Amino acid sequence: MVYRLVRDFNLNFNILKASVSPGEEGLLVMELSGEQKDYDSGIRYLEETGVRIQSLSQDVVRDESRCTHCGACVNICPALAFTVEPDTKRVLFDQNRCVVCGLCVKACPPRAMRLYF
Ligand code: SF4
Ligand code: SF4
């Protein structure tokens, strides 16, 4: 399918996360870029083949008052949205890098990361 998005719809892709569950349901998080009409055609093609599409237009935000800077989110983020400040060891969150995969929301012990629709 990804090959066809490139070949038939002139789209470029960047796979950020790919996984297959034990029930063999697949999850793919990817960025697509290209002409709007090609994007629309590519999305239509995916939907016609039975792929469920979810646009990552939601927001993930951090409640700064809850974050304990434990670092649990740093290595699980596929978009490298978290960095550790060398001097203070504080965990910085760059929301502009976030692709809203939701992994940090589940992984954050004090529930500082929240998903907003
Ligand atoms: S996992 Fe949660 S508490 Fe820990 S650094 Fe990340 S946002 Fe902060
Ligand atoms: S939802 Fe969390 S883990 Fe996923 S890309 Fe955004 S910051 Fe990273």
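Report on the accompanying structure. Small disclaimer: the values here were computed from a predicted structure and weren't measured. (Residues numbered from 1 in each chain as written. Chains lettered and ligands numbered in written order. Predicted model: local features only at pLDDT ≥ 70, side-chain atom pairs only at ≥ 80, totals over all residues. Heavy atoms only, no water.)

**Some words on the environment of A81**
Then step 1. Mapping A81 onto the fold places it in the loop between β3 (59-62) and β4 (82-84).
Then step 2. For the pair A81 and N10, spaced 71 residues apart in sequence, the C-alpha separation works out to 28 Å.
Then step 3. Once residues within four sequence positions are removed from consideration, A81 is found in contact with L92, F93, D94, R97 and C98. (Helix = DSSP H or I, 4+ residues; strand = E, 2+ residues; numbered from the N terminus. Contact = heavy atoms within 4.5 Å.)

**Side note on the packing of aromatic side chains**
The geometry of an aromatic ring pair is captured by two quantities: the separation of the ring centres and the angle between the planes.
Then step 1. This model, assessed by the stated rule, comprises two aromatic pairs.
Then step 2. Consider the rings of F82 and F93, whose centres lie 5.1 Å apart with planes at 25°: the pair is stacked. Highlighted residues: F82 in strand β4 and F93 in strand β5 (residues 91-93), separated in sequence by 11 residues. You'll find F82 and F93 in the same group, each marked buried. (Phe/Tyr/Trp six-rings, centres within 6.5 Å; stacked < 30°, edge-to-face > 60°. Buried < 20%, exposed > 50% of the residue type's maximum accessible area, 1.4 Å probe, protein only.)

**Focus: the site of ligand 1**
Then step 1. Taken together, 13 residues lie near ligand 1, and C67, C70, G71, C73 and C108 sit nearest.
Then step 2. Split by residue class, the shell around ligand 1 holds nine nonpolar, three polar and one charged. (Near = heavy atom within 4 Å. Nonpolar A, V, L, I, M, F, W, Y, C, P; charged D, E, K, R; others polar.)

**Section: the side chain of D38**
Then step 1. Note on placement: D38 falls in helix α2 (residues 36-48).
Then step 2. On the accessibility criterion, D38 (12% relative accessible area) is buried.

**A word on the site of ligand 2**
Then step 1. Around ligand 2 sit V60, C77, A79, A81, F82, F93, C98, V99, V100, C101, G102 and C104, and those are all the residues in its vicinity.
Then step 2. Each residue belonging to the shell around ligand 2 can be placed in one class, and the counts come to 11 nonpolar, one polar and no charged.

**What to know about the pattern of salt bridges**
When charged atoms on two side chains of opposite charge get close, those side chains can pair.
Then step 1. Scanning the model with the defined rule gives five salt bridges in all.
Then step 2. The residue D8 makes a salt bridge to R4 at a minimum N-O spacing of 2.6 Å. With a gap of four residues between them, D8 and R4 both fall in helix α1 (residues 2-9), about one helical turn apart.
Then step 3. Under the relative-accessibility criterion, R4 is labelled partly exposed at 32%.
Then step 4. Residues K37 and D38 are paired through a salt bridge, measuring 3.6 Å at the closest nitrogen-oxygen approach.
Then step 5. The exposure class of K37 is exposed, given its relative accessible area of 57%.
Then step 6. In this structure, a network of salt bridges that share partners links the residues R4, R7 and D8. (Salt bridge = Lys/Arg side-chain N within 4 Å of Asp/Glu carboxyl O.)

**Quick word on α2**
Then step 1. The end-to-end C-alpha separation of α2 is 18 Å, in line with the 18 Å expected for 13 residues at 1.5 Å each.
Then step 2. Backbone geometry just after α2 places G50 at a positive phi near 95°. (Expected span 1.5 Å × (residues − 1).)

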